[in-house]
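Coordinate analysis (summary)
Now for the letters of each chain:
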Amino acid sequence: MGSLINKHVLLGVTGGIAAYKSADLVRRLRDAGAEVRVIMTRSATEFITPLTLQAVSGHPVHQHFLDTSAEAGMGHIELARWADAVLVAPASANFLARLAQGRADDLLSAVCLATEARVAVTPAMNQQMWNNAATQSNLATIKKNAIRIFGPAAGSQACGEVGPGRMLEPVELVTLASELFATGELDGLTVLVTAGPTWEAIDPVRGLTNRSSGKMGYAVAEAAAESGARVILVSGPTSLPDPERVRTLRVESAQEMYDTVHQHAAAADIFIGVAAVADYRPVRAADRKIKKTEETMALELERNPDILASVTALRPAPFTVGFAAETENIEPQARRKLENKNLDLVAANRVGADIGFAADENSLLLVEREGVIELPTQPKTKLARALIHHIAARYRAKNATKVHRLRRP
Ligand code: C5P
């Protein structure tokens, strides 16, 4: 089952009496953790005011296509990119017809065409209109285009008739919307993830650490859980809450991270090392606070174990993914890591003062023996989902080859 926490849900409202339920739907989607933006078609505004949906969503409602001021703000392409899911509720018979034809003559239909996000529609209409052969053939086309159709329910209608065509209730739609994110790509697999920085104690109050926020690793753990995996996250010190449906184990030093990882690595199918592990630690940590008695002081450091390399040395080793945060020469550095640590994949990114650690957006270069793929700049949550999608495909391909080899006489 997926989750709506931190998901960007773009709610499309079209013209139908069920639009009165859209305000409740926005509130419930937000209660479930989603950030909601609303697009209304012109006829939707005959049933409910943009002001109502602005108040409940906390954002101005988007209504106009190719309007200079609207496009200068968040235009149709930005909205299409912003969305993790587009939910049209209610979806009128007219809107379904336009969606089936792939029209782009108003903001909502253009966004549905332009988005890579999951799209779902919630039909609501008179039962005769629903049963009409034209509507049914439009629905068949929409389904073929991988758009999900939620409902409708049957029962008494606003027009006084009884039959199919009632919009599903907001509470049911929230559950269905969260299931849009459950891909099942990693069903039955165990994924072990490291995240955050490590803390190498100098004395009880001071230590060596780095600028890793843990955001990317946590997003990777969440995306893996959403894909059906059992996920164990070994996290260095961060200020982030434990991700939903993920077993989070908190550690401080690289050595503790190493020990905790090895308690679980043998049972893991996939290991993803996102943590920014300190390369060195103080040889001795003082057991009392060090006083400033001398003009200079030397700190003797020793190497920490390489967690990633120690996991690929296991037999059998899980499918192993490393991260490489570099300030320059990203691809060659990542390729060197791929070979030296015997990894299946390196996800490399550029870090600097302006990009990388604490930011909410990032891009990744996926470096593997077969070649290089670029995942362009996007929110870390989306990036993590794209990465998990890629890892799932590579994991399946690798294991299919193994099975094939075992079966060969
Ligand atoms: O060697 P380098 O630190 O550049 O490699 C980065 C990758 O190696 C990351 O995936 C990081 O989690 C992992 N790593 C590790 N143990 C270390 C150092 C890095 O697992 N001691």
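Fair warning: this is a prediction, and the values are worked out from it, not measured in the lab.

Some words on the sheet that holds strand S4 (residues 118–123)
Reading across from one edge, S2-S1-S3-S4-S5 is the order of the five strands in this open sheet, with parallel pairing throughout. Strand pairing shows two members of the sheet lacking a second neighbour, strand S2 (35–40) and strand S5 (148–149), which therefore form its edges. When S4 meets S5, the two strands line up parallel, connected through two bridges. Within S5, the position partnered with Ala120 by the bridge is Arg148.

Quick notes on the packing of aromatic side chains
Inspection of the entire model under this criterion finds one aromatic pair. A ring pair is formed by Phe319 and Tyr395, whose centres lie 6.3 Å apart and whose planes are at 75°; its orientation type is edge-to-face. A residue pair is termed long-range when its members are at least 10 positions apart, and Phe319 in strand S16 (residues 319–326) and Tyr395 in helix H14 (residues 380–407) qualify at 76 residues. Residues Phe319 and Tyr395 agree in their burial class; the two are buried. When the ring centre of Phe181 is taken as reference, the NZ or CZ atom of Lys7 above it lies at 4.8 Å. The ring of Trp82 has Arg37 lying over it, and the distance from NZ or CZ to the ring centre is 5.6 Å.

Digging into unusual backbone geometry
What you tend to see is this: most non-glycine residues have negative phi, and most peptide bonds are trans. Between Gly151 and Pro152 the backbone carries a cis peptide bond, its omega angle lying at 0°. With respect to the element layout, Pro152 can be found in the loop between S5 and strand S6 (153–156). The step from Arg315 to Pro316 runs through a cis peptide bond, and the omega angle for that step is 0°. Although it is not a glycine, Ala146 adopts a positive phi angle of roughly 65°. Examined against the element boundaries, Ala146 turns out to sit in the loop between helix H8 (133–144) and S5.

Regarding the sheet that holds strand S18 (residues 361–368)
Strands sit in the order S12-S11-S8-S13-S16-S17-S18-S19 across an open sheet of eight strands; the sheet is mixed. Each having just a single partner strand, strand S12 (247–250) and strand S19 (371–379) make up the two edges of the open sheet. The mean angle between the axes of side-by-side strands here comes to 15°, regardless of whether they run parallel or antiparallel. Here strand S13 (residues 270–273) runs beside S16; their pairing, made up of four bridges, is parallel. Bridging across to S16, Ile270 finds its partner in Phe319.

Digging into the pattern of salt bridges
With the rule as written, the count across this model stands at 22 salt bridges. Across the pair Lys7 and Glu226 runs a salt bridge whose closest N-O atoms are separated by 2.6 Å. Taken together, the residues Lys7 in the segment before strand S1 (8–13) and Glu226 in helix H10 (residues 215–226) connect sequence positions 219 residues apart. The pair Lys7 / Glu226 is uniform in exposure class, with both members buried.

Brief notes about the site of the ligand
Close contacts around the ligand come from Gly273, Ala275, Val277, Pro305, Asp306, Ile307, Leu308, Gly322, Phe323, Lys337 and Lys341, and that covers them all. Separating a nitrogen atom of the ligand from a backbone N or O atom of Ile307 is a distance of 3.0 Å. Taking Leu308, its main chain carries an N or O atom lying 2.9 Å from an oxygen atom of the ligand. For the ligand, the accessible surface in isolation is 440 Å², of which the surrounding protein chains cover 83%. Within the residue set of the shell around the ligand, elements represented by two or more residues are helix H12 (307–312) and S16. When grouped by side-chain class, the residues that make up the shell around the ligand number six nonpolar, two polar and three charged.

Here we look at the nonpolar core
Here is a general trend for soluble globular proteins: nonpolar side chains tend to be buried in one another's company. The biggest cluster of nonpolar side chains holds 35 residues, and the ones touching the most others in it are Ile272 and Leu387. At the level of secondary structure, the elements contributing two or more residues to this core comprise strand S8 (190–195), H10, strand S11 (230–235), S13, S16, strand S17 (345–350), S18 and H14. The element best represented in this core is H10, accounting for eight residues. Those residues in contact with Leu387 that lie beyond four places of it in its chain are Val220, Phe323, Leu345, Ala347, Leu364, Leu366 and Leu375. Counting 31 residues, the second largest nonpolar core, distinct from the first, contains Ala18, Leu29, Ala34 and Val36.

Looking at the domain arrangement of the protein
Each assigned domain of the protein is listed with its residue range as follows: domain 1 (8–179) and domain 2 (190–407). For domain 1 versus domain 2, the separation of C-alpha centres amounts to 39 Å.

Focus on the environment of Lys398
Structurally, the position occupied by Lys398 is in helix H14. On the basis of relative accessible area, Lys398 is assigned to the partly exposed category, the value being 31%. For Lys398 and Phe319, which are 79 residues apart along the polypeptide, the C-alpha to C-alpha distance reads 8.6 Å.

Considering the environment of Met40
Its location among the elements puts Met40 in strand S2. Measuring from C-alpha to C-alpha, the distance between Met40 and Val61 comes to 7.1 Å, with 21 residues separating the pair along the chain. Setting aside anything within four residues of it in sequence, one finds Met40 in contact with Val13, Thr45, Ile48, Thr49, Pro50, Leu53, Val61, His62 and Gln63.

Definitions and limits used
- Starting afresh in each chain, residues are numbered from 1 along the sequence in its written order.
- Only residues with pLDDT of at least 70 are given local features in this predicted model, and only at 80 or more are side-chain atom pairs given and counted; all residues enter the totals for whole chains, interfaces and linings.
- Only hydrogens and water are removed before side-chain values are computed, so all heavy atoms of the structure are retained for them.
- In short, DSSP must find at least two bridges between two strands for them to pair.
- Note on conventions: DSSP H or I runs of at least 4 residues are helices, E runs of at least 2 residues are strands, and numbering of each starts at the N terminus.
- Two rings from Phe, Tyr or Trp (for Trp, the six-membered ring) form a pair when their centres are within 6.5 Å of each other. A pair whose planes differ by under 30 degrees is stacked, one over 60 is edge-to-face, and the rest are tilted.
- A 1.4 Å probe rolled over the protein chains alone gives each residue an accessible area, and that area as a share of the maximum for its type sets the label: buried under 20%, exposed over 50%, partly exposed in between.
- Only when the NZ atom of a Lys or the CZ atom of an Arg is both within 6 Å of the ring centre and within 35 degrees of the ring normal do we say a charge sits over the ring.
- Working convention: axes come from line fits to C-alpha atoms, limited for helices to the stretch in contact. Angles between N-to-C directions cover 0 to 180 degrees.
- Put simply, a salt bridge is a Lys or Arg side-chain nitrogen that is within 4 Å of an Asp or Glu carboxyl oxygen.
- Nearness is defined per residue: one heavy atom within 4 Å of the molecule or strand is enough.
- We define a polar contact as two N or O atoms separated by no more than 3.5 Å, with the added condition that, inside protein, one atom must be a possible hydrogen donor and the other a possible acceptor, whereas residues neighbouring each other in sequence contribute only through side-chain atom pairs.
- Only the protein chains shown count as cover for residues, and all accessible areas are computed by the Shrake-Rupley method using a 1.4 Å probe.
- Polarity classes work like this: nonpolar for Ala, Val, Leu, Ile, Met, Phe, Trp, Tyr, Cys and Pro, charged for Asp, Glu, Lys and Arg, and polar for all others, with Gly in that last group.
- Among buried residues, the Ala, Val, Leu, Ile, Met, Phe, Trp, Tyr and Cys ones that are joined through side-chain atoms within 4.5 Å form a nonpolar core.
- When checking whether two residues touch, look at their non-hydrogen atoms; a contact exists if any pair is within 4.5 Å.
- Note: domain ranges come from an automatic or database domain assignment.

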